[in-house]
Amino acid sequence: MNYLIDILLIALGAALINNFVLYYFVGICPFIGVSRKVSMAVGMGAAVTFVITIAAFISWIITTFVLMPGAPLTRMAAGIFMSAEAAKGVDLTILSYIVYIFAISSSVQFVEMYVRRFFPMLYKAFGVFLPLITTNCAILFACLTIMSNVVGAENPADRWDLGRALTLAFFGGVGFTIAIVIMAGIREELELCDVPKPFRGAAITLVVGGILAMAFMGFTGVDTGLREAMTSTPAAAETETTSTETSSLSSDEQILSQWEGNHNFFLPQLENVTKLVRKILFLARPEGGSSMPNTATTDNVAPKQYLKCDRRLEQTCLG
């Protein structure tokens, strides 16, 4: 039961809670470069998921049987040149970066040959981005995370097995696909919008990526709550419910006082943000008129339109 809970939490964490792109900020290059169209984003996400799973499989085998201290193959080879006791302490994890890069490169080459043979149109659509999966740091990050949970575990019972490693890799690729597809959908919609000139191109893409990262922060703590819910006994849950009912009044008072404190703190900050947005809206307009189509373009009319927009924004933010 605990093993299944670990698998579920690893999968949920890699896909949503600790998303590789939006939480650890790895794999940003393809996230920005291949997210112009949803079709290409889906293909890139599938390719990265496939490559990261194969690379994780290879890296776990190499780490367990070659790199970690006391690995069977390393101990057998070192036993030829030194005593058995000294052979147990041989640690080759210093070679992990080189070994993992070779494993990722071979995996990418295999995927490239497969896609070129069976999906030539998709291969042409990828262009140079498919070989660039070799330098996708999200794949290397997954391999290093697996190594830290295999080599860095103090208790041998806590070491990750192959199932946990493949779960992290596969659902890490799923999380990458979710992030890049969402970004591609938003960028397709942005092509139909009138984006101010200073924010066009990479600027608005990075702003949207930051907003998505803040949105995914809403999943924080879900894994802890699920673990507590699935591992707590009924007696403990009943005791917790009783104690919660007895302290409901005091907790409500604490929440009310905390809300009042947050309100007094955030209101001045919100006013500052409103002023900043007003300045950005005014400065982002082209010279001689508004940035919106079909509006007046004289210097006297455009500031009035922005002033109305500013007042509506201020009324919306400050109630």
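Caption draft 1: The overall build of the protein, seen in detail. Helix and strand counts for the protein come out as 14 helices and zero strands. Scanning the protein from its N terminus toward the C terminus, one meets helices and strands in the order α-α-α-α-α-α-α-α-α-α-α-α-α-α. Residues classed as buried in the protein amount to 32% of the 319 residues present. Restricting the contact set of the protein to residue pairs at least 6 apart, pairs at least 24 apart contribute 73%. Roughly 19,200 Å² of accessible area belongs to the protein as shown, and the carbon and sulfur atoms make up 67% of that amount.

Caption draft 2: Summary view of the packing of aromatic side chains. Taken as a whole, this structure holds eight aromatic pairs when the rule is applied. With a centroid separation of 5.4 Å and an interplanar angle of 85 degrees, the aromatic rings of Phe20 and Phe141 are classed as edge-to-face. Of this pair, Phe20 sits in the loop between α1 (2-17) and α2 (28-33) while Phe141 sits in helix α8 (residues 137-151); the two residues are 121 residues apart in sequence, bridging distant segments of the chain. Taken together, Phe20, Tyr23, Tyr24 and Phe141 form an aromatic cluster joined through their ring pairs.

Caption draft 3: Region of the structure containing the confidence of the model for the protein. Scored by pLDDT, the protein has a mean of 77; 71% of the residues are at 70 or more. Scored below 50 in pLDDT, residues 288-307 makes 30 contacts in the model with residues more than four places away or belonging to other chains.

Caption draft 4: Structural view of the pattern of salt bridges. According to the stated counting rule, one finds six salt bridges in the structure shown. With a closest N to O distance of 3.4 Å, Arg164 and Asp161 form a salt bridge. A relative accessible area of 13% means that Arg164 is categorised as buried. Overlapping salt bridges bring together Asp6, Asp161, Arg164 and Arg227 as one network.

Caption draft 5: Layout of the nonpolar core. Counting 51 residues, the largest nonpolar core has Leu22 and Ile133 as the members making the most contacts within it. For this core, the secondary structure elements donating two or more residues are α1, α3 (38-67), α6 (96-118), α8, α9 (162-190) and α10 (202-216). Top contributing element to this core by residue count: α3, with ten residues. If we skip the residues at most four places from it in the chain, Leu22 touches Phe31, Ala179, Gly209, Leu212, Ala213 and Phe216.

Caption draft 6: Region of interest: the packing of α1 against helix α11 (residues 222-231). Look at α1 against α11: their axes get within 10 Å of each other, and the N-to-C directions meet at 165 degrees. Regarding the angle of α1 to α11, the classification is roughly antiparallel. α11 is crossed by α1, and the crossing has right-handed handedness. Residue-level inspection shows Ile5, Asp6, Leu8, Leu9, Leu12 and Ile17 of α1 in contact with α11, the latter providing Val222, Asp223, Leu226, Arg227, Met230 and Thr231. When the residues that make up the contact of α1 with α11 are grouped by side-chain class, the tally is eight nonpolar, one polar and three charged.

Caption draft 7: Here's a closer look at α1. Under the 1.5 Å per step criterion, the end-to-end length of α1 is only 20 Å for 16 residues, more than 12% shorter than the ideal 22 Å. Ile5, Asp6, Ile7, Leu9, Ile10, Ala11, Gly13, Ala14, Ala15 and Ile17 are the residues of α1 that are buried. Along its buried surface, α1 packs onto α9, α10 and α11.

Caption draft 8: Structural detail: the side chain of Thr49. Tracing the chain through its elements places Thr49 in helix α3. Of note is the side chain of Thr49, whose polar atom sits 3.1 Å from the backbone oxygen of Gly173. With residues up to four places along the chain from it excluded, the contact list for Thr49 reads Phe170, Gly173, Val174 and Thr177.

Caption draft 9: Looking closely at the packing of α3 against α6. Here α3 crosses α6 at 145 degrees, and the two axes come no closer than 9 Å. Handedness of the crossing formed by α3 with α6: right-handed. Together, Phe50, Val51, Ile54, Ala55, Ile58, Ser59, Ile62, Thr63 and Leu67 of α3 and Ser96, Val99, Tyr100, Ala103, Ile104, Ser107, Val108, Phe110 and Val111 of α6 make up the contact between the two elements. Residue composition of the contact of α3 with α6, by class: 14 nonpolar, four polar and no charged.

Caption draft 10: Broad picture of unusual backbone geometry. Positive phi values are uncommon outside glycine, yet Phe25 reaches one of about 60 degrees. Take Phe25: it is sitting in the loop between α1 and α2. The class of Phe25 is exposed, set by a relative accessible area of 51%.

What counts as what
- The residue numbering used here restarts from 1 in each chain and proceeds along that chain's sequence as written.
- For a predicted model such as this one, the threshold for reporting local features is a pLDDT of at least 70, and the threshold for listing and counting side-chain atom pairs is 80 or more; totals across whole chains, interfaces and linings nevertheless cover every residue.
- Side-chain metrics rest on all non-hydrogen atoms present in the structure, leaving aside hydrogens and water.
- A run of DSSP states H or I qualifies as a helix once it reaches four residues; a run of E qualifies as a strand once it reaches two. Both are numbered from the N-terminal end.
- For every residue, the accessible area obtained with a 1.4 Å probe (protein chains only) is divided by the maximum for its type, and the residue is called buried under 20%, exposed over 50%, and partly exposed between those limits.
- Pairs of residues are marked as contacts when any of their non-hydrogen atoms sit within 4.5 Å.
- Accessible areas in this description were obtained via Shrake-Rupley with a 1.4 Å probe; residue shielding takes into account the shown protein chains only.
- Within 6.5 Å between ring centres, the rings of Phe, Tyr and Trp (the latter by its six-membered ring) count as paired, and their orientation is classed by plane angle as stacked under 30 degrees, edge-to-face over 60, tilted in between.
- The quantity called pLDDT is the predictor's confidence in a given residue, expressed from 0 to 100.
- Between Lys or Arg on one side and Asp or Glu on the other, a salt bridge is scored when a side-chain nitrogen of the former is within 4 Å of a carboxyl oxygen of the latter.
- The criterion is simple. A nonpolar core is a set of buried Ala, Val, Leu, Ile, Met, Phe, Trp, Tyr and Cys residues joined through side-chain atoms within 4.5 Å.
- Between N-to-C directions, angles span 0 to 180 degrees; the directions come from axes that are lines fitted to C-alpha atoms, helices contributing only their stretch in contact.
- Note on terminology: angles under 35 degrees are roughly parallel, angles over 145 are roughly antiparallel, angles of 65 to 115 are roughly perpendicular, and the others are oblique.
- Left-handed is the label given to a crossing in which the near helix is rotated counterclockwise from the far helix by less than a right angle, and right-handed is the label when the rotation is clockwise.
- Nonpolar residues are Ala, Val, Leu, Ile, Met, Phe, Trp, Tyr, Cys and Pro. Charged residues are Asp, Glu, Lys and Arg, and all others, Gly as well, are polar.
- Given a helix with a known number of residues, its expected span is that number minus one, times 1.5 Å.
- Counting of polar contacts relies on pairs of N or O atoms within 3.5 Å, with two restrictions inside protein: one atom must be capable of donating a hydrogen and the other of accepting it, and residues adjacent in sequence are counted only when both atoms are side-chain atoms.

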